[in-house]
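# Coordinate inspection notes
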Amino acid sequence: SVSNAFGVSAGVSWGPEAGGYQYYWVDSVSEGASLYRTDGTDDGTKYLIGSTPEYIDATTTFDRRFLNLDVGNNTASTVDLGAKVIFTAAFGDQPNALYVTDGTDVSLITDFGPNGDIAIPGPFAEHEGVLYFVTNDTNDNGQTEIWRTDGTVDGTAIWTELGPQASRASGM
């Protein structure tokens, strides 16, 4: 636990290294989870994105994990894909969304709808520059889905659908 600039105790969890940057999440009960990157210098450390007030109100551990505001959850769903980092989180009006950053800007790849029943995607597996992940029923047909992304909007889609009784694996 460390204190941020406002003196609020916060947890820090290291994410992947990509494109010359080390990514990490900072989490506090009052401020939510925020993604940063650093090259090891003060000038090279940058805040990228953080939770917004409507999600910070989720105070129970279950709510914070479901909305991906828990640092452990954020770290597990933050993976490198070449020089980019792909991550899932709940920010702004996107309760379940997939994002990409190159360490300078953060872009929305896709949201999985406003339906709170759609789980944050994962686990993640990379193969030949493509990231595969599981989520549940984004198109309301009762199917568990395997998605694929290359880190772009056009390169992100449902790869295959599994039966309605399929469950999420703990690893792929």
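None of the values given here were measured: they were computed from a predicted structure.

Turning our eyes to something else, we now look at the overall build of the chain. The secondary structure content of the chain amounts to three helices and 13 strands. Counting all 172 residues of the chain, 47% fall into the buried class. Excluding contacts between residues fewer than 6 apart, the proportion of contacts in the chain whose partners are at least 24 apart in sequence is 35%. Here the chain displays about 8,500 Å² of accessible surface, and carbon together with sulfur accounts for 50% of that area.

Across a sheet, paired strands are connected by hydrogen bonds in the backbone, their directions being either parallel or antiparallel. Pairing is antiparallel in the open sheet, where four strands are placed in the order E10-E11-E12-E13. The open sheet has two free edges, formed respectively by strand E10 (124–127) and strand E13 (157–161), since each of these has just one partner strand. The sheet shows a mean angle of 30° between the axes of neighbouring strands, taken without regard to direction. Pairing of E10 with strand E11 (residues 130–136) involves four bridges; the strand directions are antiparallel. By the bridge assignment, Glu126 is partnered in E11 with Leu131.

A separate point is unusual backbone geometry. Of note in the backbone geometry, Glu128 takes a positive phi value of approximately 50° without being a glycine. Mapped onto the secondary structure, Glu128 falls in the loop between E10 and E11. A relative accessible area of 69% places Glu128 in the exposed class.

This next bit is on the environment of Asp39. Its location among the elements puts Asp39 in the loop between strand E4 (32–38) and strand E5 (46–50). Taking the C-alpha atoms as reference points, Asp39 and Gly103, separated by 64 residues in sequence, lie 9.9 Å from one another. Setting aside its immediate chain neighbours within four residues, Asp39 contacts Gly20, Tyr21 and Gly44. At a separation of 2.6 Å, a polar atom in the side chain of Asp39 contacts the side chain of Thr41.

As enumerated under the stated definition, the model contains nine aromatic pairs in all. Note on Phe87 and Tyr99: the rings are 5.4 Å apart at their centroids and 15° apart in plane angle, and the pair reads as stacked. Linking Phe87 in strand E7 (residues 84–91) with Tyr99 in strand E8 (residues 94–101), this pair joins segments that are 12 residues apart in sequence. Judged by its relative accessible area of 0%, Phe87 falls in the buried class.

Thresholds, definitions, all that
- Starting from 1, residues in each chain are numbered consecutively following that chain's sequence as written.
- Given that this is a predicted model, residues contribute local features only at a pLDDT of at least 70 and side-chain atom pairs are listed and counted only at 80 or more, while totals for whole chains, interfaces and linings are drawn from all residues.
- With hydrogens and water excluded, all non-hydrogen atoms of the structure serve as input to the side-chain values.
- For helices the rule is a DSSP run of H or I covering at least 4 residues; for strands it is a run of E covering at least 2, with both sets numbered from the N terminus onward.
- Residue exposure (1.4 Å probe, protein chains only): buried if accessible area is under 20% of the type maximum, exposed if over 50%, otherwise partly exposed.
- Residue contacts are counted whenever heavy atoms from the two residues lie within 4.5 Å of one another.
- Note on areas: these come from Shrake-Rupley sampling with a 1.4 Å probe, and a residue is covered only by the protein chains present in the view.
- Between any two strands, pairing holds if DSSP finds at least two bridges.
- Fitting a line to C-alpha atoms yields each axis, with helices limited to the stretch in contact; the angle taken between N-to-C directions then spans 0 to 180 degrees.
- Each polar contact in these results corresponds to two N or O atoms within 3.5 Å; when the atoms are within protein, one needs to be able to donate a hydrogen and the other to accept it, and residues that are neighboring in sequence are counted only if both atoms are side-chain atoms.
- What counts as a ring pair is set by centres within 6.5 Å for rings of Phe, Tyr and Trp (its six-membered ring), and what kind of pair is set by the plane angle: stacked under 30 degrees, edge-to-face over 60, tilted for all other angles.

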